[in-house]
Every structure is written in C-alpha cells, then in structure tokens.
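Structure at a glance
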Amino acid sequence: MDPASTPPVPGAALILDHAAIDRCLKRIAHEIIERNPDLSQTALIGIPSRGVEVARHLTALIGEFTGTTPFMGVVDVAMHRDDLHRRRVPPRVERTELPHDLRDKTIILTDDVLFSGRTCRAAMDSISSFGRPACIQYAVLIDRGHRELPIRADYVGKNIPTAFDERVHVRFQAVDGIPDSVWMSRTGTPPTEARS
C-alpha cells in the first residue's frame, strides 16, 4: 500500500498532503520574510518533536527565497510543562539550541499543532531562563482551536476547526518515515495526552 495513503490510525481522514503542506509552509516563509526584514537577527526555534521539522522546512525556504539562512534551533519544554502529573510517561528531555545572545534577536517559535496554548507557554518559559529576546513570534502548521491560554499564532498554515474529541496527526518523512501529511481522527473521548 502507498504509505502516502496509509492513515496513522484506522479511520483517520487526510486533511493535507505533501503538496498542501509545502504550500502552507511557503506562505508562512514569505510572511516571516515580510515581517522580519533583518533575518540575521531572526532565529527559528522548533518545539520538539515535529515543531523542529517545521523550523527546518521554514529555515530552508527562507534561505532559498532570500539567500539568507536564519539561525535554526530547538527549545526543550519537558520540564516547563504544567501537565507532568497527568502524563503516564515522563517527557523526553531534548537539548536546547538557542542563539548565544538573545537580546537583539527575534525568536520565532515553531510547532506542528496549536491546541490549548500550553506548549507555547512552556517554550516561552524555557527561553526566558536563557535570556530576554527582543521579540517572540509563533508559527504553527495547524491551528485546531480550543485555546486554554491567551496565546495566538502570528503565522498559521491552516486553521482546522475541530471537536474536542478529535485528534490531529501531523506526519513528516524525516521524523515518521512516511510522506508529509496531516490527518484527523475521532477518539470518542477527550484527549488525555499533552496538548499543544
């Protein structure tokens, strides 16, 4: 069976294929370029795990479009989450990679799915322990709604209205070994996993 047509869970519906994701990321890259004229002071920082892949894609596209490749890094959020007591398995700690001096930098946090806003808050808390950037922006591939904190993405690939018991699955070739795709499934019960 073609891996591009194989859902991550039975019954999941394909929302975006590789070409659609590419269009979304290209649009976000152009929006980032327009809003941040000095790309040498801009850093794309991915939230593990698939937010890192979003950052990689966007960094490559910005470099392709402008000839200037911004800093690309990772921010660990594991110990800054407020749902550690609800997790069956402790989150894996990732190595944080940020610019050496944050003072004049615009940090663009990247993630695959924006849900409650709590992962973004954890990422900002983590960054604040390393310094105070000039500005923090937020880019997500999918915004599925259901915010629990007053957090809004500056750049959104696609808004997908969802029911609370639906789940969005983002898959990237480099992470999952299957073509880039976004799927949606219904769990039948409210999600108990970490919320983005």
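The subject of this paragraph is the pattern of salt bridges. Pairing between side chains of opposite charge can happen when their charged atoms approach one another. Scanning all chains against the criterion turns up eleven salt bridges. Salt-bridge contacts for D101 lead to R103; the nearest nitrogen and oxygen are separated by 2.7 Å. According to the relative accessible area criterion, R103 is exposed, its value standing at 61%. Several salt bridges share partner residues, and in doing so they unite D165, E166 and R186 into one network.

Right, let's get into the sheet that holds strand β8 (residues 181-186). The strand order across the open sheet built from three strands is β1-β8-β7, with neighbouring strands paired in antiparallel fashion. Every other strand in the sheet has two partners, leaving β1 (13-16) and β7 (166-171) as the edge strands with one partner each. Pairs of neighbouring strands in the sheet enclose a mean axial angle of 30°, with direction left out of account. Relative to β8, β7 is paired through six bridges, and the arrangement is antiparallel. Bridged to V168 within β8 is M184. In the packing of helix α1 (residues 18-35) onto the sheet, the strands contacted are β1 and β8, and the crossing angle to β1 comes to about 30°.

What follows covers the side chain of S116. Looking at the secondary structure, you find S116 in the loop between β4 (106-114) and α3 (118-128). Owing to a relative accessible area of 0%, S116 belongs among the buried residues under this scheme. For S116, the side chain forms a polar contact with the main-chain nitrogen of R118, separated by 3.2 Å.

What follows deals with the sheet that holds strand β3 (residues 71-74). The strands making up a sheet associate through backbone hydrogen bonding, with each pair oriented either parallel or antiparallel. Spatially, the five strands line up as an open sheet ordered β3-β2-β4-β5-β6, and their pairing is parallel. Looking at which strands have only one partner, the edges of the open sheet turn out to be β3 and β6 (155-159). Strand after strand, the sheet turns through a mean of 25° between neighbouring axes, direction not considered. When strand β5 (residues 135-143) meets β6, the two strands line up parallel, connected through four bridges.

The end-to-end C-alpha separation of helix α2 (residues 50-66) is 24 Å, in line with the 24 Å expected for 17 residues at 1.5 Å each. If you check which residues of α2 are buried, you get R50, G51, V52, E53, V54, A55, L58, T59, L61, I62 and G63. Immediately downstream of α2, the backbone of G67 shows phi near 85°, a positive value.

What counts as what
Sequence positions are assigned chain by chain, starting from 1 and proceeding in written order. Where local features are concerned, this predicted model is filtered to residues with pLDDT of at least 70; where side-chain atom pairs are given and counted, the filter is 80 or more; whole-chain, interface and lining totals use all residues. Each side-chain value is worked out from all heavy atoms of the structure, with water and hydrogens disregarded. Each reported salt bridge corresponds to a side-chain nitrogen of Lys or Arg within 4 Å of a carboxyl oxygen of Asp or Glu. The buried label goes to any residue with under 20% of its type's maximum accessible area, the exposed label to any with over 50%, and the partly exposed label to all in between, with areas taken from a 1.4 Å probe on protein chains only. Pairs of strands are assigned from DSSP output, requiring at least two bridges between the strands. Helix and strand definitions here come from DSSP, where helices need a minimum of 4 consecutive H or I residues and strands a minimum of 2 consecutive E residues; each element is numbered from the N-terminal end. The axes used here are C-alpha line fits, helices contributing only the stretch in contact, and every angle between their N-to-C directions lies in the interval 0 to 180 degrees. Note on contacts: a residue pair is in contact if any heavy atoms of the two residues lie within 4.5 Å. Whenever two N or O atoms come within 3.5 Å, that pair is a polar contact, provided that in protein one can donate a hydrogen and the other can accept it, and provided that, for residues adjacent in sequence, both atoms are side-chain atoms. For a helix, the expected span equals 1.5 Å multiplied by the residue count minus one.

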